Structure formats: C-alpha cells, structure tokens
Amino acid sequence: MLDIINFSLIKDVLVMGFINSLIITNLVQKIKENLNIKCSSHCVIVSLIVSFLIGTLFSLTFSNLNFICCIWSSLFSFIGADILYKILENKIFTSLSNIKKTVEK
C-alpha cells in the first residue's frame, strides 16, 4: 500500500508550500498595512487570492512541479501562512488590531 504513495513528491510539494508561506505571509502583511484592511474576513480573502496567484506562479517558476502540484503547494501555503502569521503576529508582524488602532488615531 505504501508503494503507491509518492513520498518524494509530497515532500517537494510541502517544501514549496512552506517557502511560499514565508513569501505570502510577508506580502499579505504589506498589503494589509498599505491598504488599511480592517476586517479580518477581507484579510483572509486577500490571503487566499495572493496564496493561489503568487504561490502557483512561484512554484511553476522555481520548481519542477507540474501545475496540479503547484496548486496543492498554494493550498498548503495558504494554510501554512495563516498558522505562521498567528505564531509571529506580535513578534515580527503588526497585528490587525494594532493597525486598526493606528488608523483610528
């Protein structure tokens, strides 16, 4: 049964997803700060769009993954970027609540 699972391909997709997560987390943070996005649901939508656009293009350009694997990589980067952002929210990135306070002043 384990012979039908391509662990090397899964590893490649996950690694590309992690690299995409790092890029996308930073890019979404910059978009959020510059466009003064106040609603967290808007932030999630922006993150989803950026994850699939940038993630897929980055994976297609800098890896030998096919298109379907690049889409999977983008999905993993969207999931991973959210987790990575929550871990680093008040350490490296400006939190959404702090942006709201700054805008209101």
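Look a little higher up for the structure.
Below is a summary of the structure that appears in this document. (Residues numbered from 1 in each chain as written. Predicted model: local features only at pLDDT ≥ 70, side-chain atom pairs only at ≥ 80, totals over all residues. Heavy atoms only, no water.)

1. A look at the overall build of the protein chain
Applicable threshold: Each helix corresponds to a stretch of at least 4 residues labelled H or I by DSSP, and each strand to a stretch of at least 2 residues labelled E; elements are numbered beginning at the N terminus. Contacts are assigned to residue pairs with any non-hydrogen atoms lying within 4.5 Å of each other. In short, Shrake-Rupley with a 1.4 Å probe defines the accessible areas, and a residue's cover is counted only from the protein chains shown.
From N to C terminus, the protein chain includes four helices and zero strands. Helices and strands in the protein chain line up, N terminus first, as α-α-α-α. Considering only contacts in the protein chain between residues 6 or more positions apart, those separated by 24 or more positions represent 67%. When the accessible surface of the protein chain is split by element, carbon and sulfur atoms take 69% of a total near 7000 Å².

2. Focus: the side chain of Ser77
The test is simple: The definition of a polar contact used here is a pair of N or O atoms within 3.5 Å, where within protein one atom must be able to donate a hydrogen and the other to accept one, and adjacent residues in sequence count solely through side-chain atom pairs.
The topology assignment puts Ser77 in helix H3 (residues 67–88). Polar side-chain contacts of Ser77 include one of 2.7 Å to the backbone oxygen of Ser74. What Ser77 contacts, discounting residues up to four positions off in sequence, is Gly17, Asn20, Ser21, Ile24 and Ser51.

3. Observations regarding the environment of Leu22
Residue position: Leu22 is located in helix H1 (residues 7–34). Distance from Leu22 to Gly80, taken between C-alpha atoms, is 8.7 Å for residues 58 residues apart in sequence.

4. Some thoughts on the environment of Ile71
Basically, it comes down to this: Throughout, exposure labels follow a simple rule: accessible area from a 1.4 Å probe, protein chains only, divided by the maximum for the residue type, with under 20% read as buried, over 50% as exposed, and the rest as partly exposed.
Topologically, Ile71 is positioned in helix H3. Since its relative accessible area comes to 30%, Ile71 is described here as partly exposed. For the pair formed by Ile71 and Gly17, sequence separation is 54 residues and the distance between their alpha carbons is 9.5 Å. Those residues in contact with Ile71, other than ones at most four positions away along the chain, are Phe52 and Thr56.

5. Description of the nonpolar core
The line we're drawing: To define a nonpolar core, start from buried Ala, Val, Leu, Ile, Met, Phe, Trp, Tyr and Cys residues and group those joined through side-chain atoms within 4.5 Å.
Counting residues in hydrophobic clusters, the biggest one holds six residues: Ile24, Val28, Ile37, Cys43, Val46 and Val50. At the level of elements, H1 and helix H2 (40–62) are the ones that each hand at least two residues to this core. Looking at which element gives the most residues to this core, the answer is H2, with three residues. By size, the runner-up hydrophobic cluster in this structure holds five residues, among which are Val13, Met16, Leu65 and Cys70.

6. Details of H1
Threshold: Expected span of a helix, by definition, is 1.5 Å for each gap between consecutive residues, and there is one gap fewer than residues.
Across its 28 residues, H1 extends 40 Å between first and last C-alpha, which sits within 8% of the 40 Å expected from 1.5 Å per residue. Every buried residue belonging to H1 is among Val13, Met16, Gly17, Asn20, Ser21, Ile24, Thr25, Val28, Gln29 and Lys32, and all of these are buried. Asn36 sits one or two residues past H1 and shows a positive phi near 50 degrees.

Function-wise, these values are silent; they only describe arrangement.
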